[in-house]
Amino acid sequence: MFLDNDPGGTEFLPGSIRSEISCNYKIPAENFASDALHARYTHASGAQVMLGRQVPLLGGPDAESFQINANGHCWEFNLDKRGNAATLGQPLVKDYLREHEQQFVERLGWPRAWAVGSTSSVTVFPNFSFLPGQNTFRVWRPVSPSQTVLHTYVLVNKNAPEEVKRAWRVGAMHTFSPAGVFETDDVPPWQGATASHQGTATRKHHLYSALGKGSRVSLPGLPEGLNVSKGQVSEENARAYYKRWRALMLAPTWGDVISDSTSTEMP
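Remember, it's a predicted structure, so these values are computed and weren't measured experimentally.

Novice: Sorry if this is basic, but what is going on with the pairing of strand S3 (residues 65–70) here?
Specialist: The side chains of a regular strand alternate, residue by residue, between the two faces of the sheet. Of all 6 residues that make up S3, 6 are buried, and the element is covered over most of its length. Of the two faces of S3, the one carrying Ser65, Gln67 and Asn69 and the one carrying Phe66, Ile68 and Ala70 are both buried. Where S3 hands over to strand S4 (residues 73–78), the hairpin turn is made up of 2 residues, of which Asn71 adopts a positive phi near 55°. Inspection of the sheet shows S3 paired to strand S9 (residues 227–230) by 4 bridges, in the antiparallel sense. For Asn69, the partnering residue across the bridge sits in S9 and is Asn227.

Novice: Any chance you could explain the environment of Cys74 here in plain terms?
Specialist: One can find Cys74 in strand S4. We classify Cys74 as buried; its relative accessible area is 2%. Each C-alpha atom of the pair Cys74 and Ser121 lies 8.4 Å from the other, and the pair is 47 residues apart in sequence. Setting aside residues no more than four positions away along its own chain, Cys74 makes contact with Ala33, Ile68, Asn69, Ser121, Val122, Thr123, Asn237 and Tyr241.

Novice: What exactly am I supposed to notice about the nonpolar core here?
Specialist: One recurring pattern in soluble globular proteins: nonpolar side chains tend to sit buried together. Grouped together as the largest cluster of nonpolar side chains are 19 residues, with contacts concentrated most on Ile21, Phe32, Trp140, Trp190 and Tyr241. Counting only elements with at least two residues in this core, the list comes to helix H1 (26–34) and helix H8 (183–197). Broken down by element, this core gets its largest block of residues, 4 residues, from H1. Excluding residues that lie within four positions of it along the chain, Phe32 makes contacts with Glu76, Ser121, Val122, Thr123, Ser129, Phe130, Leu131, Arg138, Trp140 and Trp190. One finds Ala85, Tyr96, Leu97 and Val116 within the second-largest nonpolar core, a separate group that totals 17 residues.

Novice: What's the story with the side chain of Asn237 in this structure? I'm lost.
Specialist: Here Asn237 lies in helix H10 (residues 236–250). Judged by relative accessible area, which is 0%, Asn237 ranks as buried. A distance of 3.4 Å separates the side chain of Asn237 from the backbone oxygen of Ile68, its partner in a polar contact. For Asn237, the residues in contact, after removing those within four places along its chain, are Ala33, Ser34, Gln67, Ile68, Asn69, Cys74, Trp75 and Glu76.

Novice: What's the story with the pattern of salt bridges in this structure? I'm lost.
Specialist: Between side chains of opposite charge, pairing is possible as soon as their charged atoms come close. Inspection of every chain in the model, using the stated rule, returns 11 salt bridges. Between Lys165 and Glu11 there is a salt bridge, with the nearest N and O atoms lying 2.6 Å from each other. Remark: Glu11 occurs in strand S1 (residues 10–12) and Lys165 occurs in helix H7 (residues 162–175); sequence separation between them is 154 residues. Overall, the relative accessible area of 6% leaves Lys165 in the buried class. In this structure, Glu236 and Arg239 form a salt bridge, with 2.5 Å as the shortest nitrogen-oxygen distance. Taken together, the residues span about one helical turn, with Glu236 and Arg239 both in helix H10 at a distance of 3 residues.

The rules we used
- Residues numbered from 1 in each chain as written.
- Predicted model: local features only at pLDDT ≥ 70, side-chain atom pairs only at ≥ 80, totals over all residues.
- Heavy atoms only, no water.
- Buried < 20%, exposed > 50% of the residue type's maximum accessible area, 1.4 Å probe, protein only.
- Helix = DSSP H or I, 4+ residues; strand = E, 2+ residues; numbered from the N terminus.
- Pairing = 2+ DSSP bridges.
- Contact = heavy atoms within 4.5 Å.
- Core = buried A, V, L, I, M, F, W, Y, C linked by side-chain atoms within 4.5 Å.
- Polar contact = N/O pair within 3.5 Å; in protein donor to acceptor, adjacent residues only side chain to side chain.
- Salt bridge = Lys/Arg side-chain N within 4 Å of Asp/Glu carboxyl O.

Right, here's the structure in full:
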């Protein structure tokens, strides 16, 4: 859907951003895997700057939105076509996606074609995440339980015009960089969560993590073996991410690690 929507393939733009965050790497990885709920509230001011309006309500009863996971890999999205891309504040990017919409349909089919630039986020287990549409790719490199080094890259279609590639790069700098309007929204909560979870009181309380339970559906046009749930405001993917992490941490050998894409229930 992301790497093969154009016959010319993709390429990373030259350069990258390296930044340091005082958080456990799993918190931003989980955020990208599952946490659509935070967008309307955490990014309220950033959305006013980049969109001129609030982030739309995600995952309402009529929304065509989903969470999908397999073996800890997680994708949450809706089918608004260009929701993520719109936040870059770069009309050239939206025009490029609109002009190639038919190509995406012919190449990818539905629903993939509608999710190319949609309001969505992805984590490839355990520490590689990206934002379709915004095209920012990030590696969360753990340095310690409370310190992460983030490497950020921008991926574009090779055949895209140079001015469109530049617009994507500038848009990514304005939004998801250490000085970007959305990254400066995200980092303090990640750091605060890491700090608070180290406290005695937090460790004594149970954490509610049942949002979205019982929401499994089937979605035609996707490969077999995926866990699909209705509604992107959900913790289905978060449960799957931590289930996979727990299985790997507790398995005595690689042979004891079970490939399980059928359940997100924690043992």
